Amino acid sequence: QVQLVESGGGWVQAGGSLRLSCAASERTFTNYAMAWFRQAPGKEREFVAVISWSGGNTYYADSVKGRFTISRDNAKNTVYLQMSSLKPEDTAVYYCAADNTPLKYVLATTPGDYDYWGQGTQVTVSS
């Protein structure tokens, strides 16, 4: 029912920045916690960041803390991931995901906790 579409991926040199966007198909997005995950070739899907339904709480993986910022604009049914000081190890396909439990306050960091996923967008960082 809920569709998520990522955009904004691309190629950048180390130290550069990108902003990823994830647009949801329904206004019910407003009540869902939203997260970003990434997956590099040969590796498991990895948690990156999550934001509560209200936007009042966020949590980041240690590997991106201080460099990435997650935010949301519920009026536009969109969540963002601003990435700065990018490193080659950030290279991966980035996915957005939604936890469909309405008004949930616990911020999950496991892929199995999320119910809806986007198609992914490639981010490549060169040295």
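Structure's up top.
Keep in mind the model is a prediction, meaning the values are calculated, not measured.

Scoring rules and cut-offs
- Going along each chain's sequence as written, the residues are numbered from 1 onward.
- Thresholds applied to this predicted model are a pLDDT of at least 70 for local features of residues and 80 or more for the giving and counting of side-chain atom pairs; totals over whole chains, interfaces and linings are not thresholded and use all residues.
- Side-chain figures throughout are based on the complete set of non-hydrogen atoms in the structure, without hydrogens or water.
- Any Phe, Tyr or Trp ring, taking Trp's six-membered ring, that has another such ring centre within 6.5 Å forms a pair; planes under 30 degrees apart are called stacked, those over 60 apart edge-to-face, and the others tilted.
- Note on conventions: DSSP H or I runs of at least 4 residues are helices, E runs of at least 2 residues are strands, and numbering of each starts at the N terminus.
- Using a 1.4 Å probe on the protein chains alone, a residue whose accessible area is under 20% of its type maximum counts as buried, one over 50% counts as exposed, and one in between counts as partly exposed.
- Note on pairing: two strands pair once DSSP finds at least 2 bridges between them.

Participant: Can you break down the packing of aromatic side chains residue by residue, with the values?
Facilitator: Tallied over the entire structure, the rule returns 5 aromatic pairs. Taking 5.8 Å as the distance between ring centres and 75° as the angle between the ring planes, the aromatic pair formed by Phe 37 and Phe 47 counts as edge-to-face. Of the two residues, Phe 37 is situated in strand 4 (residues 33-39) and Phe 47 in strand 5 (residues 46-51); the sequence distance between them amounts to 10 residues. Assessed through its relative accessible area of 0%, Phe 37 is described here as buried. Residue Phe 47 is classed as buried on the basis of its relative accessible area of 10%. Relative to Trp 117, the ring of Phe 37 lies with its centre 5.1 Å away and its plane at 50°, an arrangement referred to as tilted.

Participant: Which residues make up the pairing of strand 3 (residues 18-24), and what values go with them?
Facilitator: Across the 7 residues of strand 3, 5 count as buried, placing the element largely inside the fold. Bridge count for strand 3 against strand 8 (residues 78-83) is 6 bridges, and the pairing is antiparallel. Pairing of Ala 23 across the sheet is with Thr 78, part of strand 8.

Function cannot be inferred from these measures alone, as they are strictly geometric.
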